Every structure is written in C-alpha cells, then in structure tokens.
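Chain by chain, the residues run as shown.
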Amino acid sequence: MADQGERKSQEEDLSPDIKDWSKHQVRQWALSLNGVDDGVAEILFQQDINGPSLLLLNVTDLTTIGVTFGPAKLIIHSRDEVVKLKKEEPTSSTNQPGRPCKPYPFYRYHDTYRYVASSILDITESGASDLIEPCHEYKAFINTTDETKMSKFTDEVIRFAAACMNSRTNGTIHFGIGDKPNYTHGQVLGVSVEDKEAYADELKISIDRYFEHKHKQAAQKCIKAPRFVGVLNRNRTSSDNCVIEVDIVPEFVICEENIYHTFSMNTNKDKKKAKGKETDKTETKPSKQFFVRDGSSSRNLLAPTTFAKPNEEYNQFVDSVAQLSQRRKQAEEKHLKVIKSSNQGFKLREMITGGSLSLDKSHFDCYVIVTNKSHPLQLESLGFLVELNPTAVLDFDPESAKCGLQKHFEQQSTVNVHLPAEYKITEGVEDIANKLKLTRNTSWVFCNGGIKDEAPSHIDQWLMDKGASVRDVISFLCRKDVLPNKRFLVIFLLFSTVSEKMDPLAETFSTFWQELRGTEQILCICDNEKAFTSWKDLMEARCGIDISGRCVYELNFAEVNGTILSLLSKNRRSSRFLPCGGGSKVLLEKKVERNLNTLDVLCMNQCEGGNEDKIVIEENFYKGEKVSWWNFHFSEQPGSTPFIKRDKFDIIMKRVIPDLCSLRKACVLFNLMHVAGCGGTTLAMHTLWALRESFRCAVLKDSNADFTEVADQVVKLLMYDREEQLPSVPVLLMIDDFDDMEKVYDLQQLIEKECMKKSIQSKSAQVILLNCMRSESSERPESTENSVFIGNNLSEVEQKQCEQKLIEIDKTHKNTETFYGFMFMKKNFKPEYIQGVVHNTLKSFNKNQKHAQLLSVLVLLNVYCKGASLSVSLCEEFLGLQPKPFCGTFKVEEGFGKFSNIVTSSSVEAKVVHKAVKMINSSIARQCLQELKTTHNLSKAEITDLLLTTDKLYESTQGKDKLLQDVRHILVKRYYSLEEESQFSPLIRDISHETPGQEEMILLSASKRFAKDAVISQLLARYYYLKKKDFPEAKVWACSARNICKDSSYIADTSAQVIKHELKNAIANYKEEPIAPQNLEKFLKVAQSAIEAFKETQSLAKKESVQRLQTKTDNCPFNTSGCLGEIQVGVLVIEVLSKTPIFSSENIRHDIMSQVLSGDIDLKKAESCDPRQTKHRAYYVVLRQFEDLLYNLKFRMKTNFDFLDSFYVNLGSRSGMKDSREQVAQNELFRCFRQYAQLFCKTDSASFFRNKTMFYMLKLHEARQFLEMQKADTYFGILNCLSNDTSPDKMEKIAKQYEFVSHYDQTVKASINYIYVNVVLSRIKLESPHIQPYQKLIQLLRQVLDMQIQLSEYLPLYFIAVVLLWPQEFSSSAYGSLKKYISQLRTSYDSVMKEVYNGKRPIVHFFLGKKRGYERLVHLMEIKRRVIAGEEQFISMWENGTLWKEKQVEELLCRVTGEVTSKCILADTCVPDLKYEVIPMFKTQLSGRGIGSKVSFFIGFSLKGPLALDIN
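No experiment lies behind these values; they were computed from the predicted model shown.

A. The arrangement of helix 58 (residues 1431–1440) in detail. Counting buried positions along helix 58 gives eight out of ten residues, so the element sits mostly inside the fold. Of the surrounding elements, those touching the buried residues of helix 58 are helix 25 (647–661), strand 25 (667–675), helix 28 (741–757), strand 35 (1406–1408), helix 57 (1420–1426) and strand 41 (1505–1509). Looking at the residues trailing helix 58, positive phi occurs at glycine 1441, about 90°.

Now the structure itself:
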C-alpha cells in the first residue's frame, strides 16, 4: 500500500474538462473505453497525448500514429461525448453544488436519512477531535473501472480504519462524496452499486488479509459493515445511486493498548486484461505500514523517509498509545453519562389530544398531516396515522404514491389524491370541499408533483413553481367554513431532516403559523435531536419563534406509534366483524369501512371493549337526544334493565322482516311511520341492533347524499367477502329524515340497478330499506304490508317498562328532572308535560339577548325543517365565544345560558361534515315556538326576519351551505295532498295566518338573501299573483326568475301562470254583460299571451324530459303544467266569448261558437249568418285579430286533453301503479273537460233535425260527440273505463254508438277503438249482447292489421294485437306475425312516449288469465275485487310482490314458464317450440340467473310489450 499516495493523482477522478487531463489521465480514460485495446492506450501515452492535444486530434491523426480505423473512430466519438456533456453542464443542476446537509448519523444503520444529490456535507475532512466525534474522509469514487473499484474501496477503508484505530478516534469514510479540484469539498455525488453484499464480503476478506493475525478479530469488530445511504435527486425523487460509508469504532474494551500494523500483499497496478494477457504487472514484497490520522488525511509513519531518525515519530506515537487509550476510555465514560430523562411521551399524549389524554375524547375533531420524504423503515411504525384518519395530508415526497407513505397508507385506508390547484377557490367553498370529499376520506395533496404528470421541482425552484398553489391549500383548510375553528391539529412529520431555508416544509410551516395565528394548533414530530435542532434553528431564523415547546424529538417513530395508539380505547383498536350467515363472521377491514363513507355500519361486536362514559351517554339520551348504539349496549350489561321494547318491535321482528325476506325483489321497502318525538328513530335503531348478527346493518348518514354512490356502497357491503352472486346475509339499511317518498323510491331503484349491474341473484330480498319517516298526522294511517305506525300513546305493557326503567334511572343518575325525553314518553306523550318544561325554561327569555335570538332561530328551523341545525362554529361566532385548542374549554351549549338544557350538539353530515347544535327534542322545539308567541310576543315572522336579515349568521363558518339550504327549505318546500295543491310552504302559510301581511316582508327579505335563486323569485311571483293579485309586480318577479334560469319549464310555467291568473282575475272582476268590444280585445290579447307562454313551457318540459333520460339519474317526471295551463286558458276564452252578444247562450249561436272554435266555419260566414251583424260589427272586427287563436282553440284543447289522458292512463308510478299524487291535476283536468264538453260535445240545434237529408250525418255527429264526451273516442279513454268504474249500462251505450259509427266510419282509428270497446265491455259485462264474438273480433283485428296504417295508430293497434293474439289452447289463430307485432309495439312505445316516460313505468292494462277468449284477459280492477285490501295496502302488496302470493290471484292468473336470455325471458306458449320475448317488470329478478335458466312467471300486457311479473 506504500505507493497509494503516488497513484492517487493518476487514478483519482477525471476532471469533466478534457483540457485539464495529463497524459496519464488520457491513458486511464482510453483504458476505460469499450472496444479499445490496452495497446491503443499505450500508443497515446507514448505519443505524449494529453488533454489539449486530444481535443485537436481527428481520425486521420490517430491512424497516422498507428491506431487502426475502428478504435480511432471510437476514441473520437467518445471524446466528443465528453465535450458535449461539458457543454450541457451549465444548464443542468446535477453537478452544481447544492445546500449544506448533515452526514448520516454515526454508527446507525436503520435511520431513514438520505442525501440529496449535489448537497454539501457541512463537516470537512478532519482528524481526531474528542475521539467520540467521528473524523471524516471523502472519496468521489465515480470514475474507477469495474476491475479496480473493489480493490480501491478495500484499500481506502483499511488505510482509514487502521489510522482511526491507532488514533483511537471514531471515524467515517465516505465513497461517493466529491472533493476539490473537480467538485466542491463534501459534494454528494453518489455511486451506483449493483451488489451490496459483495462490498461487505470483500471488506471482511481484506481485513483478514491486511491486519496481523493477532488483531484480525479486533479489526473485524472496530470496522463496521458498509452502509449504503440512498441519494435522492435534487427534486427529491429516488435515484439508483448511494453513498457507501464505513464507520470505525475503536472501543477501549476492544483495542485496549494495542497498536495496529497493516501489510500490503500486492501492489500491482491492476491493469486490464486484454485478449487473455496481463500487461504492466509489478510485484513487490509485503511491506509493513502504520497509519495514523494526521489532519484530514491518513499518514503512514513507517513510510520511507530521508530524515536521520526514520522511526522516531513512529516510536513516539507507540509510547503514547497507553495514554491515548486512557483518553479514549474517559471519553466513552463521559459520553455514556449523558442519559436523557425524557418526558416527551407525556408531552406527545397531551399535545395530540388537546389535553384529554384520549383520542376517543380528543379536543381535536380532525388532523392535518404535513410530511416530507419518508424511508421504507419508517413506514413500519406509522399505524397511528391510519387511526388518526387525517382529514388531509400535505405530502412533499413526489414518490409517495410509488414507494412512499401514500402507497403504504392507501393499503390500509381510503384516500382521495389531489394536486394543490384543486383547492383554488373557483366556486362555493363547501362545493369544493364536497367535490374533494374533504371531510369524508383522507385528502392526499401532492405538494411537489409525482401524480397526474405533475413534475417535481428542485428545492430552489419549488417556491416559484408550486408555492402559491400550496398556500392556497393551507388557506382553504384554515377557513372557518372548512375545518372547525381551533379544533384541528396540524402535525408536521419530519421524516427527513429539514436544513435549508428554501425547503418547502419551511414555507409550509410559516404559512400555517400565519393562518392559525400562532403554534397552538401545530405539533412537530421528528425522531432524532439533530433533525429537531436543524428544524428549530430554521424556524427561529425564518419566523423568529422558538418552537421547542411544540416539538417531540426524543422518541423514535416506533415509540411515537406506540404512544399514540395507546390513546385509543380497546373498542377503537379492536377488529370489527360482519355476519356471514350460519353463525360465521368476517373481519371488516378499516379501509373497506372507510370506503363506505355514506353509511354508518353496525358491526356484530359494536361497542365491545369501549370505555365510553355510560352516565353521560344515558343522560343525553334521556334528555331527548337521538339514541346511540351505546345505549343498547349498556342496557345489555349485567345489572341493567332491558332497553324499553315498543309493542311494534315484536311485530317488526316476527312478522314484517321475515315476510320481507321472502320476497323475490333485490331491494324491498319497509316504512316505519311515526309522530315526531315519539320514538320512531329509536325503534328503528333498536331493530337494527337486535338484527346485527343476522343482517349486515347500516344507517344512511346523510339523506342528501349522492344516491348513486350510496347504492354502490350498499351493494359493496352486501357482497363484501362474498365471491358467489347469491349473498347469504342481506343488508338492512335504515334511512331517516327523508321528507319525500320519491327520494326513497329513487334510492330503492338505484340499489336495484346496482344489484342488476353486479348480477346479484334475488331469490329473496337482498337489501331491506327501513324507511323511518315522520308522519304529519298523529292519526293512525291505513295499515299496509310494508308499513308500521308509531303514534303518540303507549300501551299498558310499554308504560310498565317505563316504570321499571325509571327505578333504575333514579338509582344511577342525578338531575333526572332534566330527562325530558324519557319523562315525556313516561307521561304517555301528554302535551301538558312539555308545555310545563318549556314554560319554565323560557321564563327568562329576552329577545334582545344574543343567545335568546340564536335559540329562537334554532327553534324555528327545527320545527319547519327536519334535521335542521346551526354549526358549532357559527354559534361560537354569533355568541362571541373564543374556543381554545385544548381540552376543558367552554362548551358551546353553555353559551345558550339557561336554555342549554334543551339544546345539544352532534356531528352533522353535509357537504362538510361538522359539529352542530340542535334542539334536544322536536316536541320541545314545537312547544318553544308556541311559547315564544304566547308568552313573549315573538311571532314567527319576527324570528324569520331575524334569520334572513342577520348577516352574521351567514359569515364564513362551517355549515353555512347547510344553513342556507335549510332556510331555503322552510321558505320553499310545499306539501301536497290528494285534495289540493298547497300554494306555499307551511311556514309562509303559518305566518300569513298569525300575522297577515307580514309574509310579504319575509319573502322580500328572502329575495335579498337569495338574490340569485330563481325559485325564490318564482315564489314571490306566485305570492303576488295568488295572494295580492298584483300582476305587474308578479310579472317583474317572474321575469327575474326567468333571467336567472332560462331553461326550466317550472320557472317558465310561473310566467304563464301570472298571465293566466291576470286573465282569470280580470274576467271575474268584470261584472257588465255583454262584454264591450274593447274589453273583449283586452281579454283575448292576454289569453293569446298566456297560451304562447304555456306552449313555451310545454316545449321546455319536453327538452327537460329528454335530458333526464340521457343522464339516467334524474327520475323527475314530465312537467304537465304547460298542457293543463293551455287548457285552462281555453276554458277562460270560452267563458269570455259566451258573454259576447254574438255567441250568446241561445242555442243556434252556441252551435256557431262551437263551429268557429272548431275551425269548421270562419268568422266571415258566422257574421253573414248573424241577423244583427251591423250591431255586432265591432265584435267581429276584434275577433278577426285573433283568428288563429279562435280557429285552433278546440284542436289545441283536444290535443292537450288527449296528451294528458294518455299520460295518466298509460303511465304510472315507478312501481307500475297509477300515481295518486297526480290526482289534484286530474281533478282540474276533469273540471275543464266538463266545460269543454258542454260546448263541443252537444248539439242544441234541434231545428236541424227537421232536415231529413242531414239526419244521418247529424246522428253520426251526435254519436261522435257522445263518445268524445265520455272520453271514449280514444283507445286510452276506452281503457280508462275499466279503472274509473264505468257502469255496464254506460259501457253498453258506448258500444252501441260504436256499432252505429262503424257503418259510416271504417277508418283504422275507428276500427281499433271498436276492438277496444269490445274488449273493455267484455271485462265489465261479459254477457252483453253488444260484444262481438271473440273469433269475429280477432278476424276484424287481422283485417285492420292488413290495412294501410298511419304511424299514429301503431301503438294502440299493436298493443291490442299482442293482447288478443297471444297464443291460447284450442285456437285456430296463426301466430307467425306476433313476434313482429311485439317488436313494433316496443319501438312505437319508445317513439311515442319517449318525451314523457322518464320516472314512470307503463301501466299493466291486462294480465294473462287461465281461461279462454275474453275471459283470459284479467284487468287489475278484477284482482282488486278479489283481494280484500285498502288502496294503500293493495299498492304495498303490489310494490313488494306479496300480491302474487295471494291464493285468489294465483287461481286467477296463468303462470307461464320460460327460459332466461341475456336481457329478457323467452316465454313458452301452448304451441310447442313457439316462444316470445317477455321483459321482466323488475329487471333485478333476472339478476344472477344464468342464461338458459328455467323460470316461471305471470304475464302482464303494457304498451311497452308483454312483461314478466313474480319471476320464480
């Protein structure tokens, strides 16, 4: 090893600049080139080719000196590549020195520290200092050849190690760290290592080779195994390079007073082997060396020297070894005495919980994590992160998704990955939070690229590239309307040391510090003191603050993990299980459960191992708060009386649930109707608790959630850990606080679609929806198969249970006088009890006090909006409370003063999940509102005005959007009944009754609060035209609504309604008769405007319907108001015209009006026939201005009547039944038709009948008028005779009229109608002589089918053809064309009904019965007559499918067999091998059934074609 110093200048790393190369370095470079022999390198050396001359050479020059052409080309090409790299160097930051950094911790192997390329180690190469602090030596180690690399490594390590051992100092030698002149001293370069094991093996061999035999063991102990420290690129991405480091630890117990010589066994120059020959090999004898540390280098004290006393220095050193060894011993002892007595474990527990020392009861509602580059070893100790379930993680590691923390976390929990730009406020803040699912899943923000093609930035560029967008993220998170004010903690997890002032984490800390106005909500965690010191110093320089008090650094991450996990209760840490059937269970993985974020999943072992405060939870429930799972759990513990079991509980458990489970629909519905405040929700949850081991139970968290997402998650819960498509355990999903059954049906339908998409078999119910819904009436509704009602009175058994429970409560609780919820039930829901409680509580109410104002607003919202609340942060802002980020601070309920006992706080699901204040009980809320009026003279109008005009309620706090939504709800939401359509919301109605006139002020205030809300403007328009009769003002507001929302048919309808009501009001107020010509003109102008407006409404309604079909998620039905409105205007026009002298009630003039409005005669002819035409000329002048309106009036009215009748007759609710909600509109339609028929369906001109030549024509006209009057002039009108209880006599008269008409009118339409009349009459009175024989009717049908048919007749014709031609036994009919008719029927249905069938199902007009001829056609009314059930009960039986199990129905209908295909069933018929396609009424009944499966079913006939019902 003696010549190593001499060789170093030649073999050290080559300069990147060729001009600096010597001839030795040129030879070294040439030797490293592939394809260039050693002889070529020698030629260059012999010719004295150095760097400058190499740059001047070309291929010709090289061949001149004896280099062959091939190697010459390689040399020139390789030289040019080096030159090119040198030129590119300034544009790349790879070799430019970076910022200072610390070396890897000494004598550590499992730390997660990594270097960054080009950063500078802040410790220089050095000699011994205090013997414990390591000295350092750097080697670039990047231009060595593969053959020399290992020997260079071992030689340098042995030399350095021997020097450290002799000098008794700790030391580290680094390979991959640059030095001058080519690099900055200490610059991190990194080297590529393919086989790390080889370095450790070779070093071990070399220690045995170089050290004396007696010291080999000591050397092996002092020289530690190589450490390979990863090198990150400057943008913090991983690279393949590392720095090789070897630590030397010459402990006293190992080295004692020994000295260590080394021996050089072979000093050959390690030339490359070329063509199997060795060249330039030099052998020497083994030489003895003795190395010591001398400053920054290792010096051999036995090296040859010219001094007179060559070994004097060596001898002196040997003599001092004993003293040096003692110094080493003392240094070790001193170092060991520094034992830390740390309290940082307690500090961590206190800071992370806000002082509660329990994460279950933490002061902090949520956590935000900020982190940088992690090391794989750290990931093993981060289980606490999953348990913290952070709201957001700001990750500065661009490789986190590839191999870092995000990938590790996502394996155990749910994350939504984002870039910072997604947090920029471009719309409503809560809308952005909702899109990001910010408070539902962990939002993982990649703050330095790494996803979505976002490139990472270098540390010095990050601030310019990404700093602004990350500041947007921080500002967004710190908003009061996003995360709870003072109730979230920002945790900086410093996995890598932060030492540079430009580090992104430094900027991030500074931004959080500014946004949060201090460090109270910040916690910093790092796992070593050096990282802490660097971070602390950096923050002190950057922000001027000492953050030591907010840092934990003496615990490693394993200790941090254990400490935080210990803060969780056993219940939080324990595994949760779902039932699998047969008593088995399956582990519900945390990630899966968090993915089901719209559901609160109830597990089999819910609450087990919990340490919740029983007293507090029970007291809250008894006061009136919503029941929790803990209440059921506590009631099952030893010493407790059972939970009060309502009488309906056993009915649900023993009858309802088993019956529902037997149904063959994928998703079935069960309604638990209840009077508010009387225990409906508690009973529903009690049911789930009791069934948690036999059903997969869950509660829907938010009734406003995206139902598509809910359906997906329900089916995931159903199929979790099930591979087969027939789950063994169904889902029982409780839904609460729905205010519209249509939303319930929407959810049910989407769940069924999802089951079908997943091909889940429905041999029995797979999902049971337990719909817990408030009833607006306390009267018991009609009992049905799928509903139970809970009223406001207890049975004797229930009252006895209350008495027993009260005995237990008195023993275990104090302050039972505040247990309003329990006592209200015990008093059998007597209103006097609540009246007394509320009166006493509100005695000190003063409407000028803030907390009283807030209570009044909360009361109003709770009464008129189910589930309404005010966010905790809003209450704190309004009441001036100042929350602090530590435990034990003021509770928001206490801010309500003496009213705190009637309010409570709980978590609310909204766009942003937040804590909110609610009234403790809905009954108390209603009584409070009454008490405020009667005792404190505070009206609903005053409270509503306060709610609308107090800006502070709408400042940026959590739940702002929820509040706006609730306020809008109480103003806008109307409730419908079968008798009448409500004009305004209950609140507006109540205000108008309590303080008449004040509702206008309220609505005007609402228009200011909701300035851009079209529905509020629409509401004002409706108020002005309905209540105030102020039509100009109504038009202003209707126009305002149209400007905000131009494409809504409902908004357009309001504009039309204003004009219609203006006309109606003008006519009503005009008392003079006859109407003057000028007033007639005025009325007709208004009518014309109204008709045009209603036509526009119709057009928009059709566009909306088509759009809904395309989205497939909106089940809103077709808006029929435009059609009805045009009819109503037509009726008004008829009324106006009947008051003119030219169309008086005189018979002949009546007929003339009918003919004019039918377009049969024009006004000119009418005028010529008028004996008083001169007197009436002014009227005719006016009427001629409106000829189009008048001549088309009957046509337009008839078109709209037919359109609506077809809509109501052929389309029903989504269950396939007629929609009872449309009854109000149908009643109005019937009224209008009476007016229409009075004019157009009667001929009063008896004198005409004296003209015998016209007798038959008039007779035919009279017959048609009769049919039109009976609505029997259309196929759907005839079909409707079966549903509206048309008497047999009337039906026979209709048949007789058609018999007469058929002699004169043999058109396709008349023939089709005649066929329908025969079929319908047969179902009403089979023995009637006016019914054609069945076969004769079939013959007529076939004749019609052979005629030329217009498109408009396709639908009725093919429907009746399919019904009558369906194969039956002993029939001679040919069925060859039936398949074509079925196909054409379906095509016609889609073509004709496409614009209107969204959200509807086709009505089943007939079912296939067991008999023959007419009798095999069974109408629904016949089934109703056989099944003894009320209307609601029958609908329930139809919807849930229990109707088909009724014996009377099974005896009546024909069960058909068939074979399942991909989308339908091939139904067998009585004709062998003749099968027809039948579509399932509920597609989920085919789900999971294999193609070719045999099934049986009933057949129903609808306009959509034959349908299969009750598929088995």
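Still more ground to cover, so stick around.
B. A look at the nonpolar core. Counting 159 residues, the largest nonpolar core has Leu599, Ile902, Met919, Leu947 and Leu971 as its most contacted members. If we skip the residues at most four places from it in the chain, leucine 599 touches Ala698, Val699, Leu700, Lys701, Val710, Gln713, Val714, Leu717 and Leu733. If you look at the next biggest cluster of nonpolar residues, it comprises 132 residues, including Leu1267, Val1344, Leu1378 and Ile1499.

C. Quick look at the pattern of salt bridges. The tally for this structure, following the rule as stated, stands at 66 salt bridges. For lysine 757, the salt bridge is made with glutamate 754, and the minimal N-O distance between the two is 3.4 Å. Placement of the pair is lysine 757 and glutamate 754 together in helix 28, with a separation of three residues, close to one helical turn. Glutamate 1292 serves as the salt-bridge partner of lysine 1325, at 3.2 Å between the closest nitrogen and oxygen. Taken together, the positions of lysine 1325 in the loop between helix 53 (1308–1324) and helix 54 (1334–1345) and glutamate 1292 in helix 52 (residues 1288–1304) put the pair 33 residues apart, joining distant regions of the chain. A residue is classified by how much of its surface remains accessible, and lysine 1325, at 22% relative accessible area, is partly exposed. One network of salt bridges, with partners in common, ties together Glu137, Lys139, Lys152, Glu156, Arg159 and Arg293.

D. Up close: the sheet that holds strand 27 (residues 731–736). Taken together, six strands build an open sheet; the order of strands is 24-26-27-28-25-29 and the sheet is mixed. Two strands lie at the open edges of the sheet, namely strand 24 (599–602) and strand 29 (787–790), each paired on one side alone. Here the average twist between neighbouring strands, direction ignored, is 20°. By the bridge criterion, nine bridges tie strand 25 to strand 28 (residues 767–775) in an arrangement that is parallel. The residue bridging valine 675 from the neighbouring strand is serine 775, located in strand 28.

E. Summary view of the side chain of aspartate 503. Here aspartate 503 lies in the loop between strand 19 (488–493) and helix 18 (504–515). The class of aspartate 503 is buried, set by a relative accessible area of 8%. Each residue touching aspartate 503, except ones within four places of it in the same chain, is listed here: Arg236, Ile459 and Val498.

F. How the structure looks around unusual backbone geometry. Here the bond from lysine 180 into proline 181 is cis, since omega is 10°, no more than 30 degrees from zero. One non-glycine residue, aspartate 1285, lies in the positive phi region at around 55°. By secondary structure assignment, the location of aspartate 1285 is in the loop between helix 51 (1275–1280) and helix 52.

G. How the structure looks around the sheet that holds strand 16 (residues 392–395). One open sheet holds the seven strands; their spatial order is 17-18-16-15-19-20-21, and the pairing between them is parallel. Each edge of the sheet is formed by a strand with only one pairing partner; in this case those strands are strand 17 (415–418) and strand 21 (551–552). For strand 15 (residues 366–371) and strand 16, the ladder comprises four bridges, and the chain directions are parallel. In the sheet register, valine 368 faces strand 16, and the bridge partner there is alanine 392. Lying over the sheet, helix 17 (residues 462–477) contacts strand 15, strand 16, strand 18 (442–446) and strand 19, oriented at roughly 160° with respect to strand 16.

H. Focus on the pairing of strand 16. Side-chain alternation along strand 16 places Ala392 and Leu394 on one buried face and Val393 and Asp395 on a second face that is also buried. With helix 13 (residues 383–388) bridging strand 15 and the parallel strand 16, this β-α-β connection has right-handed handedness. Here strand 16 pairs with strand 18 via four bridges, running parallel. Paired with leucine 394 across the two strands is valine 445, which belongs to strand 18.

I. Main features of empty space enclosed by the protein. Summed over all chains, the structure comprises eight cavities of 30 Å³ or more. Here the largest cavity defines a volume of roughly 300 Å³. In terms of lining residues, the largest cavity is bounded by 24 residues, among which Val116, Arg236, Ser496, Thr497 and Asp503 are the most central. Elements represented by at least two residues in the lining of the largest cavity include exactly strand 1 (100–101), strand 2 (115–116) and helix 18. Grouping the constituent residues of the lining of the largest cavity by class yields ten nonpolar, eight polar and six charged.

J. Region of the structure containing the packing of helix 54 against helix 55 (residues 1354–1365). Packing of helix 54 against helix 55 leaves a shortest axis separation of 11 Å and a crossing angle of 140°. Our classification of the angle between helix 54 and helix 55 gives oblique. Considering how the two elements wind past one another, helix 54 and helix 55 form a crossing that is left-handed. Residues Tyr1334, Leu1337, Ile1338, Leu1341, Arg1342, Val1344 and Leu1345 of helix 54 touch helix 55, and the partners they reach there are Leu1357, Tyr1358, Ile1360, Ala1361, Leu1364 and Leu1365. Looking at the contact of helix 54 with helix 55 residue by residue, the classes come out as twelve nonpolar, no polar and one charged.

K. Up close: a positive patch on the surface. Together, Lys753, Lys1112, Lys1463, Lys1483 and Lys1504 make up a positively charged patch on the protein surface. Looking at where lysine 1504 falls in the secondary structure, it is placed in the loop between strand 40 (1494–1502) and strand 41. Lysine 1504 sits in the partly exposed class, given a relative accessible area of 31%.

L. Local environment of the environment of phenylalanine 984. Secondary-structure assignment places phenylalanine 984 in the loop between helix 36 (960–972) and helix 37 (986–994). For phenylalanine 984, a relative accessible area of 3% gives the class buried.

M. Structural context of the packing of aromatic side chains. Throughout the structure, instances matching the rule amount to 52 aromatic pairs. Ring geometry for phenylalanine 1201 and phenylalanine 1233: centres 5.2 Å apart, planes at 90°, overall edge-to-face. In this pair, phenylalanine 1201 sits in helix 48 (residues 1193–1210) while phenylalanine 1233 sits in helix 49 (residues 1223–1240), placing the two residues 32 residues apart along the sequence. In this structure phenylalanine 1233 comes out as buried when scored by relative accessible area, which is 6%. Plain terms: the ring middles of phenylalanine 1207 and tyrosine 1208 are 5.5 Å apart, the flat faces sit at 70° to each other, and that makes the pair edge-to-face. This pair shows no difference in class: phenylalanine 1207 is buried, exactly as tyrosine 1208 is. An aromatic cluster is defined as three or more aromatic residues linked by ring pairs; in this entry it consists of Phe621, Tyr622, Trp629, Phe632, Phe643, Trp689 and Phe819.

N. Highlighting the packing of helix 25 against helix 26 (residues 680–690). Two elements in contact, helix 25 and helix 26, have axes whose closest approach is 10 Å; the angle formed by their N-to-C orientations is 45°. When the axes of helix 25 and helix 26 are compared, the pair comes out oblique. Once helix 25 is placed against helix 26, the crossing between them reads as right-handed. Counting all contacts with helix 25, which are made through Lys648, Phe649, Ile652 and Met653, the residues of helix 26 involved are Leu683, His686, Thr687 and Ala690. Considering only residue class, the contact of helix 25 with helix 26 consists of five nonpolar, two polar and one charged.

O. The arrangement of a negative patch on the surface in detail. Together, Asp146, Glu147, Glu194, Asp195, Glu197 and Asp201 make up a negatively charged patch on the protein surface. Elements represented by at least two residues in the negative patch include exactly helix 7 (146–167) and helix 8 (196–210). Following the sequence through the fold, aspartate 201 ends up in helix 8.

So, how was this worked out
Residues numbered from 1 in each chain as written. Predicted model: local features only at pLDDT ≥ 70, side-chain atom pairs only at ≥ 80, totals over all residues. Heavy atoms only, no water. Buried < 20%, exposed > 50% of the residue type's maximum accessible area, 1.4 Å probe, protein only. Helix = DSSP H or I, 4+ residues; strand = E, 2+ residues; numbered from the N terminus. Contact = heavy atoms within 4.5 Å. Core = buried A, V, L, I, M, F, W, Y, C linked by side-chain atoms within 4.5 Å. Salt bridge = Lys/Arg side-chain N within 4 Å of Asp/Glu carboxyl O. Pairing = 2+ DSSP bridges. Axes fitted to C-alpha atoms, helices over the stretch in contact; angles between N-to-C directions. Right-handed = clockwise from strand over helix to strand, strands pointing away. 1 Å grid on protein atoms, 1.4 Å probe; cavity = no way out; pocket = protein on both sides within 12 Å on 5 of 7 lines; lining within 4 Å. Points joined across faces, edges and corners; volume = space filled by probe spheres on them. Nonpolar A, V, L, I, M, F, W, Y, C, P; charged D, E, K, R; others polar. Parallel < 35°, antiparallel > 145°, perpendicular 65-115°, else oblique. Left-handed = near helix turned anticlockwise from the far one by under 90°. Patch = residues over 30% accessible without salt bridge, like charges linked within 9 Å, V, L, I, M, F, W, Y side chains within 5 Å. Areas by Shrake-Rupley, 256 points an atom, 1.4 Å probe, with all protein chains shown as cover. Lys, Arg positive; Asp, Glu negative; His and termini not counted. Charge placed at Lys NZ, Arg CZ, Asp CG, Glu CD. Phe/Tyr/Trp six-rings, centres within 6.5 Å; stacked < 30°, edge-to-face > 60°.

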